[in-house]
Amino acid sequence: MAQQQSDRGRLIDIEARASIFGFPLVLMDVTRAVSTSVPERDEEKQKAPINQLVHLREFPDASFTDVVSPNADTLYSFAFLDLKAEPMVLSLPEMGTRYYLMELMDAWTNVFASPGTRTTGNGKGAFLIAGPTWKGTLPNGVVEIRSPTNLVWIIGRTQTNGKKDYAAVHALQDGYDLRPLSAYGKADFHAPRVAVAPDIDNQTPPIEQVAKMEPTEFFQRLNALMKDNPPSPADADAVKRFGEVGVGPGKVFDRNTVSPEVLATVDLGMTEAIRRIVIEAKRPHGRAQNGWELHEGLGAYGTDYLWRAIVARVGLGANLPEDAIYPHAKVDAEGQPLDGKHRYVMRFAKGALPPVHAFWSISMYDARQFFVDNPIDRYAIGDRDDLVFEPDGSLVLLLQHESPGKEHEPNWLPAPKGSFNLIMRLYWPKAEALDGRWTTPPIERVR
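Definitions and cut-offs
Residues numbered from 1 in each chain as written. Predicted model: local features only at pLDDT ≥ 70, side-chain atom pairs only at ≥ 80, totals over all residues. Heavy atoms only, no water. Pairing = 2+ DSSP bridges. Helix = DSSP H or I, 4+ residues; strand = E, 2+ residues; numbered from the N terminus. Axes fitted to C-alpha atoms, helices over the stretch in contact; angles between N-to-C directions. Core = buried A, V, L, I, M, F, W, Y, C linked by side-chain atoms within 4.5 Å. Buried < 20%, exposed > 50% of the residue type's maximum accessible area, 1.4 Å probe, protein only. Contact = heavy atoms within 4.5 Å. Parallel < 35°, antiparallel > 145°, perpendicular 65-115°, else oblique. Nonpolar A, V, L, I, M, F, W, Y, C, P; charged D, E, K, R; others polar. Domains from an automatic or database assignment. Buried area = accessible area lost by both parts, 1.4 Å probe. Salt bridge = Lys/Arg side-chain N within 4 Å of Asp/Glu carboxyl O. Polar contact = N/O pair within 3.5 Å; in protein donor to acceptor, adjacent residues only side chain to side chain.

A. Expanded view of the sheet that holds strand β20 (residues 443-445). Strand order across the open sheet formed by four strands is β18-β17-β14-β20, with mixed pairing between neighbours. In this open sheet, the two edge strands, each paired with only one partner strand, are β18 (412-414) and β20. For this sheet, the mean inter-axis angle between neighbouring strands, taken without regard to orientation, is 25°. Sheet topology note: the strand β14 (residues 344-348)/strand β17 (residues 395-400) ladder contains five bridges and is antiparallel.

This is the structure:
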């Protein structure tokens, strides 16, 4: 009996670890399915077919739920790539002095390249994005970027200095070009219209779709995805262990291929995975600064599968720290949970604003990590806003549900009635932000 319990516990542990390991990959694929579920580019729906760019022409608002923790600092340009057939070429125009970033994320949510102001400069450029097995000739003047997986997510961010800046940013976005290698240099190329799978759920956010999956569906999808998006060599030991429960690249996971013991415990394994993710997400993952937590190890996770799953769950699309860091606050200066029934302030001393080469902001989120509906349609506040400074040169930001009055609204970031959290974004942070010499100010409760 004890041996049976031991074997049962071991299977549950392996299934839980396999669930955690595969969660980012399955979430990426569901996000791809939802984001590409249109026959042609549709900016109103903020979607485009596979291998096509779509540009967000306005900041996301409280109705946007396709991606958790969205930002209202930049206008996004998105594309999901399928590189099995051939590479794609991303061409970018002259950007002048404007900061931009083209984050390239593999199917496992690792950032493998980030063309943009910091890394490649602001001049014109063309980048060939190739899958792991591509062999071919690189066109003259094109820089090769090799992806470890055939599924790639491009998350482009173009600095946008408020709504008044939309027209200038739209002109730059219209200069971004994405096309197959076979069409590179051809003036008559037009992105094709494609058929859309009829069973795509466009109503439920991807994160909730994955949460609702039956374990057999989850593992079957994971196995199929790993065939075209292979785990890294560093994952070999883990993948070998997962094979005991029927999980591995190209394996079939159903009642005919896995043991009755696995089928009997797979629900418990998935439940245990969720429990571990929830518990671990509540623990510190980086430097604590005045009630803020500065997460470390974003964008490149190695074999820290639990941390990779947590980041995918709460902030899919995180950058490398060299491109952006994200101090996150759930509590005030006294360690109490942030709640819109109270009023709070943040005070930046003179000369102590976030140190960045590009720009900074603070975004407000509800408990689901989405924007908060509010009467002034403000979801973030930062250095490109018309902030009012104190006579001594300091800056005081107001975090509360009710308006502080018209005269104070320039410094007001509206909060929901209930629980909320804040994410500060420092784009292209300076060394003192990366090494901890600069610290985030506390959030002080005033009522």
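B. Highlighting the nonpolar core. Formed by 73 residues in total, the largest nonpolar core has its most connected members in V26, W153, F218, F219, L222 and V247. Considering each element in turn, this core owes the most residues, twelve residues, to helix α1 (residues 2-35). If we ignore the near neighbours within four places in the chain, the residues touching F218 are S19, G22, F23, V26, V210, M213 and M270. Counting residues in each nonpolar core, the second largest holds 27 residues, with I362, A433, W438 and I443 among its members.

C. Local environment of the packing of helix α5 (residues 215-228) against helix α7 (residues 260-281). The interhelical angle for the contact between α5 and α7, taken along N-to-C directions, is 85°, at an axis separation of 9 Å. Taken together, α5 and α7 sit at an angle that is classed as roughly perpendicular. Judged by residue contacts, P215, T216, F218 and F219 of α5 engage L263, V266, D267 and M270 from α7. Across the contact of α5 with α7, the residue classes tally to six nonpolar, one polar and one charged.

D. Region of the structure containing the sheet that holds strand β4 (residues 100-106). Pairing is antiparallel in the open sheet, where five strands are placed in the order β1-β2-β8-β4-β5. The open sheet has two edge strands with one neighbour each: β1 (54-55) and β5 (111-113). Strand direction decides the pairing type here: strand β2 (residues 74-82) and strand β8 (residues 151-159), joined by nine bridges, are antiparallel. Along β8, the bridge assignment pairs L81 with V152. Against the sheet, helix α3 (residues 166-173) touches β1, β2 and β8, its axis set at about 20° to β2.

E. Expanded view of the domain arrangement of the chain. Entries for the chain in the domain assignment read domain 1 (1-28 + 202-281), domain 2 (38-183) and domain 3 (317-445). Taking only C-alpha atoms into account, the centre of domain 2 sits 27 Å from that of domain 3. Every contact between the two is made by 26 residues of domain 2 and, on the other side, 23 residues of domain 3. For the pair domain 2 and domain 3, the two sides together bury roughly 2,200 Å², of which 58% comes from carbon and sulfur. For domain 2, the biggest contributors to the area lost against domain 3 are D73, Y99 and R118; these three give 27% of the whole. At the boundary of domain 2 and domain 3, one finds two salt bridges. Among the ionic pairs, R384 bridges to D73, the shortest N-O distance being 3.0 Å. Our count for the contact surface shared by domain 2 and domain 3 stands at twelve residue pairs in polar contact (both at pLDDT 80 or more).

F. Representation of the pairing of β2 in the model. Judged by how many residues are buried, β2 sits mostly within the fold: eight of nine residues are covered. Pairing between β1 and β2: two bridges, direction antiparallel. From the neighbouring strand, V54 faces β2, where its bridge partner is F78.

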